[in-house]
Amino acid sequence: MTTDFTATRARFHLPEGVIYLDGNSLGPLPRAAAARVADCVTQEWGEMLITAWNRAGWMDLPRRLGDRIGRLIGAEPGTVVLGDTLSIKVYQALASAAELRPGRKVILSDTGNFPSDLYMADGLVRTLGDGHELRTVAPEAVEDAITPDVAVLMLTEVDYRTGRKHDMARLIARAHEAGALVVWDLAHSAGAIEVDLARAGADFAVGCTYKYLNSGPGGPAFIYVAPRLAAQSRPALSGWLGHEAPFAFDADYRPGAGIERMRVGTPPILQMAALEASMDIWDGVEMADVRARSIELTEAFIAGVEAACPGLALASPRDPGQRGSQVSFRHPEGYAIMQALIAGGVIGDFRAPDILRFGFTPLYTTIEDVTGAVEILAGIMATDAWDRPAFRARAKVT
Ligand SMILES: *Cc1c(COP(=O)(O)O)cnc(C)c1O
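Nothing here was measured: the structure is a model prediction, and the numbers come from that model.

Conventions used here
Residues numbered from 1 in each chain as written. Predicted model: local features only at pLDDT ≥ 70, side-chain atom pairs only at ≥ 80, totals over all residues. Heavy atoms only, no water. Near = heavy atom within 4 Å. Polar contact = N/O pair within 3.5 Å; in protein donor to acceptor, adjacent residues only side chain to side chain. Areas by Shrake-Rupley, 256 points an atom, 1.4 Å probe, with all protein chains shown as cover. Nonpolar A, V, L, I, M, F, W, Y, C, P; charged D, E, K, R; others polar. Domains from an automatic or database assignment. Contact = heavy atoms within 4.5 Å. Buried area = accessible area lost by both parts, 1.4 Å probe. Salt bridge = Lys/Arg side-chain N within 4 Å of Asp/Glu carboxyl O. Helix = DSSP H or I, 4+ residues; strand = E, 2+ residues; numbered from the N terminus. Phe/Tyr/Trp six-rings, centres within 6.5 Å; stacked < 30°, edge-to-face > 60°. Lys NZ or Arg CZ within 6 Å of the ring centre and 35° of its normal. Axes fitted to C-alpha atoms, helices over the stretch in contact; angles between N-to-C directions. Left-handed = near helix turned anticlockwise from the far one by under 90°. Buried < 20%, exposed > 50% of the residue type's maximum accessible area, 1.4 Å probe, protein only. Pairing = 2+ DSSP bridges.

### Digging into the site of the ligand
Point 1. Around the ligand sit Thr-85, Leu-86, Ser-87, Phe-114, Asp-117, Thr-156, Asp-185, Ala-187, His-188, Tyr-210 and Lys-211, and those are all the residues in its vicinity.
Point 2. Between the ligand and the protein, one listed contact pairs an oxygen atom with a side-chain N or O atom of Thr-85 at 3.1 Å.
Point 3. A distance of 3.4 Å separates a nitrogen atom of the ligand from a polar atom in the side chain of Asp-185.
Point 4. Its free accessible area being 390 Å², the ligand has 85% of it covered by the protein chains.
Point 5. A class-by-class count of the residues in the shell around the ligand yields four nonpolar, four polar and three charged.

In structure tokens, the structure reads:
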């Protein structure tokens, strides 16, 4: 193992007395981020004003950061760009992919996909209004559902609820055999597991940076388009920064070269400054090491919880090869249990209807965190400490 996880952990701010098992939802603060953002505000925005778009390299930041993320997901240089939110990038990739398969009307996805991805697909189908349909099947049934009418297969590689992982290379091969394109959502893959988009023959991929990649709340999403498809992909969200020459201010839209065309509007520079601080940490990390440590942590957590908490049922695949970097357990009172756990200093989250979800992020999660979390959870379960009205009151964000 070449990655020094003690060193990476030291580069994050982790509040005293908290075991953080929710970096799969919002990554913690890189220690250098506050100073980097402050510098961007005072030195770049403050002193350079609008000249910073050139002098501080703001205009190229979405591409530069795209390449740094690209290394973690096996993307070729120059194929990833940042901007907008993940929901928007899902729409954009899907629209371009669907347009590349004229005559085929089906967008195929699975019932475990994140609702926003399905909502965006539904919105696209309504906008197209020409007989397109969104078809969803159970995750296990996806492979057999790739019929000749499928234009695009749209999947989230790692299920946000259970952590179940699709076989990316296999499904791409099946889809291509059937003449379909594939859009992968890497929200729970980028920075979580090994991904090799180029080797798998991926077409389109999207993901977010505020989960495993630690860009902070509202950080921009990323999009990947395979080099062989980039020149043919027509952006549905044809904003000026995806234009071949934004500052020509032409009346007609001409798509930019390669991945540049997937940009839409003005990029969020302050958020990207925070992401730069996180990528300074990620640049020294090997995903094979992250995966190996993640499996150690998740295996230890499952063994510990199953030994100490008989009331909790494992909702994630038992085989680590079949899951991402999170572990979920089911319990009818999952919400109250999670609130009691958070009150006890262990932060995970709850996903309706009954899932307690825990993310394992080797950059800053240790085996001591795992044993500490198991001990606190076991205490709560053994004493029914969760069984209080205060823990049942639902907050807006769960
Ligand atoms: C987190 C997540 C999203 C969130 O989309 P935003 O537009 O960034 O809010 C979408 N899809 C999946 C699969 C996710 O995990």
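### Section: the domain arrangement of the protein chain
How large an interface is tends to be reported as the accessible area lost when its parts come together.
Point 1. The domain boundaries assigned to the protein chain delineate domain 1 (5–29 + 286–392) and domain 2 (34–282).
Point 2. Of note, the centres of domain 1 and domain 2, computed from C-alpha atoms alone, are 28 Å apart.
Point 3. Facing 34 residues of domain 1, the contacting portion of domain 2 comprises 24 residues.
Point 4. Together, the buried faces of domain 1 and domain 2 total about 2300 Å²; carbon and sulfur atoms form 59% of this surface.
Point 5. It is Arg-11, Met-287 and Gln-326 that lose the most area in domain 1 upon contact with domain 2, and together they represent 23% of the buried surface on that side.
Point 6. A salt bridge links Arg-71 to Glu-286; the nearest nitrogen and oxygen atoms lie 3.9 Å apart.
Point 7. Between domain 1 and domain 2 we count ten residue pairs in polar contact (both at pLDDT 80 or more) in total.
Point 8. Going through the elements one at a time, helix 11 (287–308), strand 12 (326–330) and strand 15 (355–359) are the ones with two or more residues in the side of domain 1 that touches domain 2.
Point 9. When residues of the side of domain 1 that touches domain 2 are assigned to their parent elements, the largest contribution, four residues, is made by helix 11.
Point 10. Split by residue class, the side of domain 1 that touches domain 2 holds 14 nonpolar, 13 polar and seven charged.

### Describing the packing of aromatic side chains
Point 1. For the structure shown, the criterion picks out ten aromatic pairs.
Point 2. With 6.0 Å between their ring centres and 20 degrees between their planes, Trp-240 and Phe-249 make a pair best called stacked.
Point 3. These aromatic residues form a ring-pair network of at least three members: Phe-301, Phe-329, Phe-358 and Phe-360.
Point 4. One Lys or Arg, Lys-211, reaches over the ring of Phe-114 and ends 5.7 Å from the middle of that ring.
Point 5. Here the basic side chain of Arg-394 rests over the ring of Tyr-335, its NZ or CZ set 4.5 Å away from the ring centre.

### Notes on the packing of helix 4 (residues 61–72) against helix 10 (residues 269–282)
Point 1. Direction vectors running N to C along helix 4 and helix 10 enclose 35 degrees, while the axes themselves pass 11 Å from each other. Of the two possible hands of crossing, helix 4 and helix 10 adopt the one that is left-handed. Contacts between helix 4 and helix 10 involve Leu-61, Pro-62, Arg-64, Leu-65, Arg-68, Ile-69, Arg-71 and Leu-72 on the former and, on the latter, Ile-269, Met-272, Leu-275, Glu-276, Met-279, Asp-280 and Trp-282.

### Examining the pairing of strand 12
Point 1. Counting buried residues in strand 12 gives four out of five residues, a clear majority hidden from the surface.
Point 2. Pairing of strand 11 (residues 313–314) with strand 12, which is carried by two bridges, proceeds in the antiparallel orientation. When the sheet's bridge partners are listed, Leu-314 is paired in strand 12 with Phe-329.
Point 3. As paired strands, strand 12 and strand 15 are joined by five bridges and run antiparallel to one another.

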